[in-house]
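Reading the structure
Residue-level listing of the chains:
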Amino acid sequence: MNAYLVLPSSLGPMYLADEAWPDLADYFESESLALVPLGSTEQHGPHLPEGTDHIIAEGFAREAAARSGYLCTPTVNVGVSPHHRQFHGTMWVDPPAFRAYVESLARNLTYHGIDRIVFVNAHGGNVEHLREVGRRLRDDGTAYAVEWMWDESIPDLIEEVFEQPGPHGGPKETALVQHLAGDLVHDDRLAAARDGGLVEFDRESGRVHGARTFYDAIDNTDNGVLGDQTDATPEIGADLFEAACDHLLALCDWLDEQAFEDLMPADHV
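Our subject in this report is the structure included herewith. Since the structure is predicted, the reported quantities are computational estimates derived from the model, not experimental observations.

Parameters at a glance
- Residues numbered from 1 in each chain as written.
- Predicted model: local features only at pLDDT ≥ 70, side-chain atom pairs only at ≥ 80, totals over all residues.
- Heavy atoms only, no water.
- Helix = DSSP H or I, 4+ residues; strand = E, 2+ residues; numbered from the N terminus.
- Rg over C-alpha atoms; globule rule 2.2 N^0.38 Å.
- Buried < 20%, exposed > 50% of the residue type's maximum accessible area, 1.4 Å probe, protein only.
- Contact = heavy atoms within 4.5 Å.
- Areas by Shrake-Rupley, 256 points an atom, 1.4 Å probe, with all protein chains shown as cover.
- Lys, Arg positive; Asp, Glu negative; His and termini not counted.
- Charge placed at Lys NZ, Arg CZ, Asp CG, Glu CD.
- Expected span 1.5 Å × (residues − 1).
- Salt bridge = Lys/Arg side-chain N within 4 Å of Asp/Glu carboxyl O.
- Axes fitted to C-alpha atoms, helices over the stretch in contact; angles between N-to-C directions.
- Parallel < 35°, antiparallel > 145°, perpendicular 65-115°, else oblique.
- Left-handed = near helix turned anticlockwise from the far one by under 90°.
- Nonpolar A, V, L, I, M, F, W, Y, C, P; charged D, E, K, R; others polar.
- Phe/Tyr/Trp six-rings, centres within 6.5 Å; stacked < 30°, edge-to-face > 60°.
- Lys NZ or Arg CZ within 6 Å of the ring centre and 35° of its normal.
- Pairing = 2+ DSSP bridges.

A closer look at the overall build of the protein
- Regarding its fold elements, the protein presents ten helices and seven strands.
- What you see for the protein is a C-alpha radius of gyration of 19 Å, in line with the 18 Å of a compact globule of 269 residues.
- Buried positions account for 50% of the 269 residues belonging to the protein.
- By sequence separation, contacts in the protein at least 24 residues apart represent 79% of the contacts at least 6 residues apart.
- Accessible surface for the protein amounts to roughly 12800 Å². Of this, 50% is attributable to carbon and sulfur atoms.
- Once the 16 positive and 48 negative side-chain charges of the protein are each reduced to a mean point, those two points are 8 Å apart.

Next comes the structure, spelled out in C-alpha cells:
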C-alpha cells in the first residue's frame, strides 16, 4: 500500500509515458492505483486556450504523481463537448465513443494489475460518462474508478476569492491557467471576455418554469464564457491549485487504503 509520506525509496514520480517498460515493473508489482487525467479541447472564450481543461487536468494529475509516487497515465485531451461546437476549433467525441474509449483504457490498466483509478477530470461534460464507466467497472468486479474535479473539492475557497466564479471560462479556470501555463493566457482580453460574456450565472439562469431551456453555451453567452475574468490572478491560481491538490492526494491515499472488497457493490438484501 502506498502513502505519499512514507513512499518506498525505490518509487519516485511516475509518468507512464516517460518510463521504459522494465522500469514500470516495480510499480505494477507493488501498487494498484493509477491517476488518469481527462479534459477537453474546446472554446474557453477569447482569453484562454482551447486546451484549458486538459491543461488543468494534467497539471493536477502529474503534480499528484510527483508528490506521491502514484502512477499517472497520458491525458485524454478530447471529451464530450458538442455544446461548444459553434465556436471555432472545438473538438468533441460522441458520448458512447467517449465511454467506450475510457472504459477500454481503464480495463487496459487492470491487465497490468491496477484495480483502483482516479479519473482526474477538468471538464463538466465528461462527468456523467465517467460515472457510468466507473459503475460498469465496479459492477463486474474489475476495478473501482472514481471521478474527481478540482473545483468540486474546494467550493468554499472558490466562493471566497471570486464574487462571480462562472462555471466555464471564468476567473477560477483563468487563474489556474495563469498559474499552470500563463503564456497561453491573453491577459489583455480579460475585460473583453467579461463584457462579451455572461457575468452572473446561477441555477435559475436559462430556466423557464423550472425547465432547463438551453443546450449549447452560445444560448447563454455570445463569446462562450461566464463570470468575471478580471478577478483572476496567477497568485490566486497557485492557491487554488495547492488547496485542490491536497484534496486529490488525500483522495488517492484514502482509496489506496481501502480493502478492494469494501469498494465493490454490496450483496443483494
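There is more to say after this.
Let's talk about unusual backbone geometry
- For His 209, which is not glycine, the phi dihedral falls at a positive 50°.
- By the element assignment, His 209 lies in the loop between β6 (207-208) and β7 (211-212).

Notes on helix α2 (residues 52-68)
- Between its terminal C-alpha atoms α2 stretches 24 Å, which fits the 24 Å expected from 17 residues at 1.5 Å a residue.
- Counting buried positions along α2 yields twelve of 17 residues, so the element is predominantly enclosed.
- Within α2 the residues assigned to the buried category are Thr 52, Asp 53, His 54, Ile 55, Ile 56, Ala 57, Gly 59, Phe 60, Ala 61, Ala 64, Ala 65 and Ser 68.
- Two residues or fewer after α2 comes Gly 69, characterised by a positive phi angle close to 90°.

Quick look at the pattern of salt bridges
- Applying the stated rule across the entire model yields 13 salt bridges.
- Its salt-bridge partner being Asp 216, residue Arg 85 comes within 3.1 Å of it at the nearest N-O pair. In this pair, Arg 85 is assigned in the loop between β3 (71-72) and α3 (95-111) and Asp 216 in the loop between β7 and α9 (234-257), connecting sequence segments 131 residues apart.
- Between Arg 116 and Asp 115 there is a salt bridge, and its shortest N-O distance comes to 2.7 Å.
- Taken together, the shared-partner salt bridges in this structure form one network comprising Glu 103, Arg 107, Glu 132, Arg 136 and Asp 140.

Considering the packing of α2 against α9
- In contact at an axis separation of 10 Å, α2 and α9 are set at 60° when each is read in the N-to-C sense. It follows that α2 is oblique to α9 by the angle criterion. Crossing hand, α2 versus α9: right-handed. Taking contact as the criterion, the partners of Gly 59, Phe 60, Ala 61, Glu 63, Ala 64, Arg 67 and Ser 68 in α2 are, on α9, Phe 241, Glu 242, Ala 244, Cys 245, Asp 246, Leu 248 and Leu 249.
- For the contact of α2 with α9, the class distribution of residues is eight nonpolar, two polar and four charged.

Overview of the packing of aromatic side chains
- Per the counting criterion, the structure on display carries four aromatic pairs.
- Seen in terms of ring centroids, Phe 60 and Trp 148 are 5.5 Å apart; in terms of plane orientation they differ by 80°. Their pairing is edge-to-face. Taken as a pair, Phe 60 in helix α2 and Trp 148 in strand β5 (residues 144-149) lie far apart in primary sequence, 88 residues in all.
- Residue classification places Trp 148 among the buried residues on the basis of a relative accessible area of 7%.
- Here the aromatic cluster, defined as three or more aromatic residues joined through ring pairs, consists of Phe 60, Trp 148, Trp 150 and Phe 241.
- Positioned over the ring face of Tyr 15 is Arg 62, at 3.6 Å from the centre of the ring.

Section: the sheet that holds strand β4 (residues 116-121)
- Taken together, the five strands give an open sheet; going across it, the order is β1-β3-β2-β4-β5, and neighbouring strands pair in parallel fashion. The sheet is open, and its two edges are formed by β1 (14-15) and β5, each paired on a single side.
- Where β1 lies against β3, two bridges are found, and the strand directions are parallel. In the strand pairing of β3, Tyr 15 is matched with Cys 72.
- Contacting β2 (33-38) and β4, α3 crosses the sheet at an angle of about 155° to β2.
- The sheet contacts of α9 involve β2, β4 and β5, and relative to β4 the element is tilted by about 165°.

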